[in-house]
Structure formats: structure tokens, C-alpha cells
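One letter stands for each residue in the lines below.
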Amino acid sequence: MSLLSLLTNLGAWINAHALWPDLPVWSYALLAFLDTHITTASVTLYLHRAQTHRSISFHPLVEHFMRFWLWVRTAMPTKEWVAVHRCHHAHVDTPEDPHSPIVYGIWRVVFMGTSLYHHAAHNAAVLEQYGKGTPDDALERRVYAPLSLLGPTLTLVTNALVFGTWGLAMWLVEMAWIPFFAAGVINGLGHWWGYRNFDTPDHSKNLPGRYWSILTCGEALHNNHHHVQNSPRFATRSGELDPGYWYFRALQMVGLASERQEGRATA
Ligand SMILES: [Zn+2]
Ligand SMILES: [Zn+2]
């Protein structure tokens, strides 16, 4: 049996056992977009604004949902993400910055940003110095951190069980989303291309065009963020969009989120 016929038979077997293998193609695309949008919202709200900069906090149920979602969609332990990002702020656009396009070049950060991230995330000194205050409970120690790759594996299996072979295509998009848009676009283009509202002591930029802000839940307003790092809100001018802040406000209105500090420290 050739490899092609083996894969064809495997695909047919997966579709025969899946729950919804025959939806219109556009519905798989829409579901994949909504899925990656939840992942992006979890990165900016939980990892970035709540854990790294401590500007907001969430009800434990919301926080645990985002922790779980990030485990199954990105395999990124909280401590590693927080440590690498705090290290970026502490050494922004210098040789100690883990992923500055000024140091490494724009194309290396956009397309190889994940390897730069992992290099810093596996540096014990970076984790020790910048990873303080992140979750250290049994779930983190026994599951999320040591079994990080189990999360995306669970997503692969559940996608196949629910959507059949389309679920496998959705999985590829879901797995590539954060490495490209966070490690590549924000870390790379966010310090290389766009406009500046504030004269910060770095090369941070706001990406022009509202679609960037929609796709990144407000993270595209990177110069605004470097200006006031612990603000829960990234938009500062009329016309700038920060969906991450809208979601935070919606959760705040129903008592599931709160602002942690009123004072604003500038970069
Ligand atoms: Zn930055
Ligand atoms: Zn930040």
C-alpha cells in the first residue's frame, strides 16, 4: 500500500468516526478564526496584562479557563512567557533583549521568533530573575509545565474526533497562530514598522491599520504599551482599537475581572 493510499484510508476512517466531518468549508474557517481569537485574547489578557504586568486580575474560574486554553493551544507555561516578556521590557532593543529586530534583524524575528523565544524560555537565569509571582500550584507543577506537549496533542485528538480531517487542518492553523502573530508579528514588526504616539526609549511601534489590532486583540498598539506598561488599556488615541480591553471591561462589568492598580508607571 502506497503512502498516499494509506493517508487516504486513514482520512476516510477519521471522517467515518467524527461528529461533524461534513460542515460547509467556510464554517471550519470561521471556527478556526474564533478559536485563534480566544487564544490571542488569553495571551494578551492573562499572560500579558494580568500575569506579566499585574494591571488586571480575573475570577479564578476565568483565569483557570485561560490557563487551560493556553495549555491545549500553545503549550506555553505561564512562567516562561512572563519571564521572557519581562526580560524584553528590562533590556528592550539591546543585545540582552530576547527578540529585538534591531539586534537580530526583522526577518529572523518574524519567521524564527519562536526559536528566539524558546532560547530565552529555557534559560534558567531568565526564569529565575523574571518569572516570579507566576502560578506554582500542583496543576502547574505536575501537568501544565512538565506535560506541555500533551496539551496540543489533546487538541489534535479532539479536533479529529469532532471535525474529522478538517479538524487536522484547523489544528495546523491553531498551532501556527501564536508563533507567527505573537513571536513574529508583535515581537518583530512591533519594534520595526508603524507609527509612534510616544517618544519611548526604544524602537516600539503601533502597527497601522485597525485589522492588526483586531487580529492581535490590541497587542498591535505596541508603542502605547511600552509607554505605560501597566495600563490595562493599550489604545490611547481616538480610532485605535483594543479588543482585549473591551473583553476585560465586559468581564469586569459582570464581576469576573478587576483592575489591580490605579497608578500608571511610564517606561
Ligand atoms: Zn516590545
Ligand atoms: Zn509588556
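## Digging into the packing of helix α2 (residues 25–52) against helix α10 (residues 165–189)
- As a packed pair, α2 and α10 sit with axes 10 Å apart at the nearest point and diverge in direction by 30 degrees. Taken together, the axes of α2 and α10 lie roughly parallel to each other. By crossing handedness, the relation of α2 to α10 is classed as right-handed. Taking contact as the criterion, the partners of Val25, Tyr28, Leu31, Ala32, Asp35, Thr36, Thr39, Thr40 and Val43 in α2 are, on α10, Trp166, Met170, Val173, Glu174, Trp177 and Ile178.
- In terms of residue class, the contact of α2 with α10 is built from 10 nonpolar, three polar and two charged.

## Details of empty space enclosed by the protein
- If you walk through the whole model with that rule in mind, you get one cavity of 30 Å³ or more.
- Approximately 80 Å³ is the volume found for the largest cavity.
- Around the largest cavity sit Tyr46, Leu47, Arg67, Leu70, Trp71, Ala75, Met76, Pro77, Thr78, Glu140, Tyr144 and Ser148, which together line it.
- Where the lining of the largest cavity is concerned, the elements lending two or more residues are α2, α3 (60–74) and α8 (138–144).
- Here the element with the most residues in the lining of the largest cavity is α3; it accounts for three residues.
- Classifying every residue of the lining of the largest cavity by side-chain character gives eight nonpolar, two polar and two charged.

## Some points on the coordination of the zinc ion (ligand 2)
- The coordination sphere of the zinc ion (ligand 2), as far as protein atoms go, consists of His48 (NE2), His53 (NE2), His85 (NE2), His89 (NE2) and His225 (NE2), spread over 2.0 to 2.2 Å.
- Between consecutive donors of the zinc ion (ligand 2), the numbers of intervening residues give the motif H-x4-H-x31-H-x3-H-x135-H. With His85 in helix α4 (residues 78–90) and His225 in helix α12 (residues 222–227), the pair connects residues that are 140 residues apart, well separated along the chain.
- Here His225 falls in the buried class, since its relative accessible area comes to 1%.

## Details of the layout of surface pockets
- Roughly 450 Å³ of internal volume is contained in the largest pocket.
- Along the wall of the largest pocket there are 30 residues; nearest its centre are Met76, Trp81, Ile178, Ala182 and Ala183.
- Of all the elements in the fold, those that place two or more residues in the lining of the largest pocket are α2, α3, α4, α6 (106–121), α10 and α11 (210–216).
- Examining the composition of the lining of the largest pocket, we find that nine residues originate from one element, α10, more than from any other.
- Taken together, the residues of the lining of the largest pocket sort by class into 17 nonpolar, 11 polar and two charged.

## Notes on the coordination of the zinc ion (ligand 1)
- Of the protein atoms, only His88 (NE2), His191 (NE2), His222 (NE2) and His226 (NE2) coordinate the zinc ion (ligand 1), at distances of 2.0 to 2.1 Å.
- For the zinc ion (ligand 1), the four donor atoms are set out with angles of 98 to 144 degrees between them, so the coordination reads as irregular.
- Ordering the donors of the zinc ion (ligand 1) by residue number gives the pattern H-x102-H-x30-H-x3-H. Here His226 lies in helix α12 and His191 lies in the loop between α10 and α11, a separation of 35 residues in the sequence.

## Overview of the confidence of the model for the chain
- Considering every residue of the chain, the mean pLDDT works out to 94; 98% of them sit at 70 or more.
- In this model, residues 263–267 is a region of pLDDT below 50 whose contacts with residues beyond four sequence positions or in other chains number 15 contacts.

## Some details on the packing of α3 against helix α9 (residues 150–163)
- Taken N-terminus to C-terminus, the directions of α3 and α9 make an angle of 80 degrees; their axes are 5 Å apart at the nearest point. Taken together, the axes of α3 and α9 are roughly perpendicular relative to one another. Contacts from Trp71, Val72 and Arg73 of α3 reach α9 at Leu150, Gly151, Pro152, Leu154 and Thr155.
- For the contact of α3 with α9, the per-class residue count stands at five nonpolar, two polar and one charged.

The rules behind each value
By convention here, each chain's residues receive numbers from 1 onward along its written sequence. Think of it this way: whatever chain is written first is A, whatever ligand is written first is 1, and the rest follow in order. Residue-level local features of this predicted model are given only where pLDDT is at least 70; pairs of side-chain atoms are given and counted only at 80 or more, and the full residue set underlies all totals for whole chains, interfaces and linings. The side-chain values count all of the structure's non-hydrogen atoms but skip hydrogen atoms and water molecules. Note on geometry: axes are C-alpha line fits, over the in-contact stretch for helices, and angles between N-to-C directions span 0 to 180 degrees. By definition, any uninterrupted DSSP run of H or I lasting at least four residues is a helix, any uninterrupted run of E lasting at least two residues is a strand, and each is numbered from the N terminus. For this classification, under 35 degrees means roughly parallel, over 145 means roughly antiparallel, 65 to 115 means roughly perpendicular, and everything else is oblique. Each crossing gets its handedness from the near helix: less than a right angle anticlockwise from the far helix is left-handed, clockwise is right-handed. Contacts between residues were defined by any pair of non-hydrogen atoms, one from each residue, lying within 4.5 Å. In this classification, the charged set is Asp, Glu, Lys and Arg, the nonpolar set is Ala, Val, Leu, Ile, Met, Phe, Trp, Tyr, Cys and Pro, and all remaining amino acids, among them Gly, are polar. Cavity: a set of points on a 1 Å grid over the protein atoms alone where a 1.4 Å probe fits but cannot get out. Pocket: an open set with protein on both sides within 12 Å along at least five of seven lines, its lining residues, like those of a cavity, having an atom within 4 Å of a point. Grid points are joined across faces, edges and corners, and a volume is the space filled by probe spheres set on the points. Sodium, potassium and calcium take a 3.2 Å donor cutoff, other metals 2.8 Å, and in both cases only N, O and S atoms count; water is not among them, so sites may look incomplete. Three labels apply to residues, based on accessible area from a 1.4 Å probe with only protein chains included: buried if under 20% of the type maximum, exposed if over 50%, partly exposed otherwise in between. Under this scheme a four-donor centre is tetrahedral when all angles range from 85 to 135 degrees, a four-donor centre is square planar and a six-donor centre octahedral when opposite donors are above 155 degrees with the rest from 65 to 115, and any other centre is irregular. Every residue is assigned a pLDDT by the predictor, reflecting its confidence on a scale from 0 to 100.

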